[in-house]
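Listed below, chain by chain, are the residues.
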Amino acid sequence: MSKVLVVYHSRSGNTAKMAEAVAEGAKNGGADVVLKKVEEATLEEMTAADGIVLGAPTYFGSLSGEMKSFIDRSVRIRGKLESKVGAAFTSSGSLSGGNETTLISIIEAMLIHGMIIVGDPLETGGHYGAVAVGAPDAGALIACRKLGERVAKFAKSIASA
């Protein structure tokens, strides 16, 4: 069984709801899932996971400072995340709030770690990751579950290779 770590930051609760849906999807995909608030997550949990999904709200077109700080600390484990599966999700206050730039910021860090990135499945949009504007609606939660399932599927494939 593969292990998927879902780490999120949420101030309003919107990103937390998305994180729960991602974790649910990863469980449905057959993974052992650890769901952590960014303040509680450890670098050791990252190295122990086969797949890592990071979620943060969009602030000023980028990820929250709390998630950025966590990513910055991950320099200590550079080289230990290579070939792990990575994915991202975000929420923002408006349609033009910077969701895609936030996802790209998270993905860039994962690429620097040598991770294998997956986006949301084509059936839910097929872009950089799952997004919500404001509170996640039914469609956003479906996209989150599907993203979690996709990460679990690829993490299992890579972990068994």
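See the structure above.
The following paragraphs examine the structure supplied in this document. Source: prediction; values computed, not measured.

Rules and cut-offs
Residues numbered from 1 in each chain as written. Predicted model: local features only at pLDDT ≥ 70, side-chain atom pairs only at ≥ 80, totals over all residues. Heavy atoms only, no water. Helix = DSSP H or I, 4+ residues; strand = E, 2+ residues; numbered from the N terminus. Rg over C-alpha atoms; globule rule 2.2 N^0.38 Å. Buried < 20%, exposed > 50% of the residue type's maximum accessible area, 1.4 Å probe, protein only. Contact = heavy atoms within 4.5 Å. Areas by Shrake-Rupley, 256 points an atom, 1.4 Å probe, with all protein chains shown as cover. Lys, Arg positive; Asp, Glu negative; His and termini not counted. Charge placed at Lys NZ, Arg CZ, Asp CG, Glu CD. Expected span 1.5 Å × (residues − 1).

1. Points about the overall build of the protein
Here comes step 1: Each helix and strand counted, the protein has five helices and seven strands in total.
Here comes step 2: Scanning the protein from its N terminus toward the C terminus, one meets helices and strands in the order β-α-β-α-β-β-α-β-α-β-β-α.
Here comes step 3: A globule of 161 residues ought to have a C-alpha radius of gyration of about 15 Å, and the protein, at 14 Å, matches this closely.
Here comes step 4: For the C-alpha atoms alone, the extent of the protein along its principal axes is close to 40 × 30 × 25 Å.
Here comes step 5: Residues counted as buried form 47% of the 161 residues belonging to the protein.
Here comes step 6: Long-range pairs, those at least 24 residues apart, make up 80% of the contacts in the protein between residues at least 6 apart in sequence.
Here comes step 7: When the accessible surface of the protein is split by element, carbon and sulfur atoms take 53% of a total near 7500 Å².
Here comes step 8: Taken together, the 17 basic and 17 acidic charged side chains of the protein have centroids lying 3 Å from each other.

2. Details of helix H5 (residues 138-160)
Here comes step 1: Between the first and last C-alpha of H5 there are 33 Å, a value that for 23 residues agrees with the 33 Å anticipated at 1.5 Å per step.
Here comes step 2: The complete set of buried residues in H5 reads Ala140, Ala143, Cys144, Leu147, Gly148, Val151, Ala152 and Ala155.
Here comes step 3: As for H5, its buried residues are in contact with strand E1 (3-8), helix H1 (14-28), strand E3 (51-59), strand E5 (85-92) and strand E7 (130-133).

3. A short note on the side chain of threonine 15
Here comes step 1: Mapped onto the elements of the fold, threonine 15 is located in helix H1.
Here comes step 2: In this structure threonine 15 comes out as buried when scored by relative accessible area, which is 1%.
Here comes step 3: Sequence-distant contacts of threonine 15, defined by excluding residues within four places in its chain, comprise Tyr8, His9, Ser10, Gly55, Ala56, Pro57, Phe89 and Ser91.

That's the geometry; what it means functionally is another story.
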